[in-house]
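# Fold and geometry: a report
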Amino acid sequence: LLAELSGAKGADVYQEVARLYPDTRYGLAARYELARIAGQAGRVDEALTQVKALIEVLPKQGADKNMAALRRDALFAAAEFAFRKPDYKASEEFLTAYRELAGDADPRADDVERKRAWCRQEAGDTAGAAQILDAALKTFPKSSFRDEMLYLRAVSAVKAGAPDDALKFLETLLSEFPASA
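A short tour of the structure in this document, coming up. (Residues numbered from 1 in each chain as written. Predicted model: local features only at pLDDT ≥ 70, side-chain atom pairs only at ≥ 80, totals over all residues. Heavy atoms only, no water.)

## Let's talk about the nonpolar core
Within the largest apolar cluster, 29 residues are counted, with the highest numbers of intra-cluster contacts made by L28, L48, V51, L58, A74, F81 and F94. Elements supplying a minimum of two residues to this core: α3 (25–40), α4 (44–57), α5 (65–84), α6 (88–102) and α7 (109–122). Not counting residues up to four positions away in its chain, the partners in contact with V51 are A35, A74, A77, A78 and F81. Within the second largest apolar cluster, 13 residues are counted, among which are A109, I132, L137 and L152. (Core = buried A, V, L, I, M, F, W, Y, C linked by side-chain atoms within 4.5 Å. Buried < 20%, exposed > 50% of the residue type's maximum accessible area, 1.4 Å probe, protein only. Helix = DSSP H or I, 4+ residues; strand = E, 2+ residues; numbered from the N terminus. Contact = heavy atoms within 4.5 Å.)

Below you can see the structure in the form of structure tokens.
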């Protein structure tokens, strides 16, 4: 909290906490925050390196609830940083690891599936993206990302040479989200 309230000097506070208490939950949380700050500053390589190192240490921690949450957050952040590089394969691996820990009831589950579909699409695996999106649209019908998932599913259909399927998804998109027109 002190670091968050410290503005630009917050990173200095996190660095000091990480240095003084490296293996405590406070030191590990400070390392996560340093990676997040680097990512926000556009230093994606640095952020990814930091968060990957953190992920390597976290499994060595006990089954503490806070550490489990920190591991999930670190995996989610690593996926985002890898996507921005762009390293879609690594991003999807981090998202898959996150999903295995968090499950369908997790508040980010629909976002994770959306991002996994983008990873597949950007990597050129149109069929894989379509498969993920079909399952996500069925599993998360009330998702706040539903419009984007429908759009990406239409794109996947076009790239797969199925224009009739693409039209079906675009019609659903426009009927459910008329402001998209």
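This is not the end of the story, as more comes after the structure.
## Focus: the packing of α3 against α5
Closest axis-to-axis distance for the α3/α5 pair is 11 Å, and the angle between their directions is 20°. When the interaxial angle is binned, α3 and α5 end up roughly parallel. Handedness of the α3/α5 crossing: left-handed. Taken together, the residues of α5 that come into contact with α3 (itself represented by R25, L28, A29, Y32, A35, R36 and G39) are N66, M67, L70, D73, A74, A77, F81 and R84. For the contact of α3 with α5, the residue count by class is nine nonpolar, two polar and four charged. (Axes fitted to C-alpha atoms, helices over the stretch in contact; angles between N-to-C directions. Parallel < 35°, antiparallel > 145°, perpendicular 65-115°, else oblique. Left-handed = near helix turned anticlockwise from the far one by under 90°. Nonpolar A, V, L, I, M, F, W, Y, C, P; charged D, E, K, R; others polar.)

## As for the packing of α3 against α4
Running from amino to carboxyl end, α3 crosses α4 at an angle of 160°, the nearest separation of the two axes being 8 Å. Of the possible angle classes, the one that applies to α3 and α4 is roughly antiparallel. In terms of crossing hand, the pair formed by α3 and α4 is left-handed. From α3, L28, R31, Y32, L34, A35, A38 and G39 reach across to α4, where they touch E46, A47, Q50, V51, A53, L54 and V57. Within the contact of α3 with α4, the residues separate by chemical class into ten nonpolar, two polar and two charged.

## Brief notes about helix α9 (residues 146–159)
Three- or four-residue spacings in an α-helix give side chains the same orientation, since the helix completes a turn every 3.6 residues. An ideal rise of 1.5 Å per residue puts 20 Å on 14 residues; α9 measures up with 20 Å between its terminal C-alpha atoms. When we look at burial in α9, the residues that qualify are R146, M149, L150, L152, R153, A154, S156 and A157. Close packing links the buried residues of α9 with α7, α8 (126–139) and α10 (163–176). One or two positions beyond α9, positive phi appears at G161, with a value near 80°. (Expected span 1.5 Å × (residues − 1).)

## Observations regarding the side chain of S91
Along the chain, S91 turns up in helix α6. If sequence neighbours within four positions are ignored, S91 has contacts with A79, A82, F83 and C119.

## Let's talk about the packing of aromatic side chains
Across all of its chains, the model carries two aromatic pairs by this definition. Measuring from centroid to centroid gives 5.0 Å for F83 and Y88, while their planes differ by 65°, and the two rings are edge-to-face. Take F83: its relative accessible area is 27%, and that puts it in the partly exposed class. Residue placement shows R108 over the ring face of F76; its charged tip is 4.1 Å from the ring centre. Geometry around F145 places R114 over its ring, the cationic atom sitting 4.3 Å from the centre. (Phe/Tyr/Trp six-rings, centres within 6.5 Å; stacked < 30°, edge-to-face > 60°. Lys NZ or Arg CZ within 6 Å of the ring centre and 35° of its normal.)

## Quick look at the pattern of salt bridges
Summed over the entire model, instances satisfying the criterion amount to 18 salt bridges. For K115, the salt bridge identified is with D111, shortest N-O distance 3.8 Å. Of this pair, K115 and D111 both sit in helix α7, four residues apart, which is roughly one turn of that helix. By relative accessible area, D111 is classed as buried at 10%. In this structure, E113 engages R116 in a salt bridge whose closest nitrogen and oxygen atoms are separated by 2.8 Å. Separated by three residues within a single helix, E113 and R116 lie in helix α7, roughly one turn from each other. Of the residues examined, R116 reaches a relative accessible area of 15% and is grouped as buried. (Salt bridge = Lys/Arg side-chain N within 4 Å of Asp/Glu carboxyl O.)

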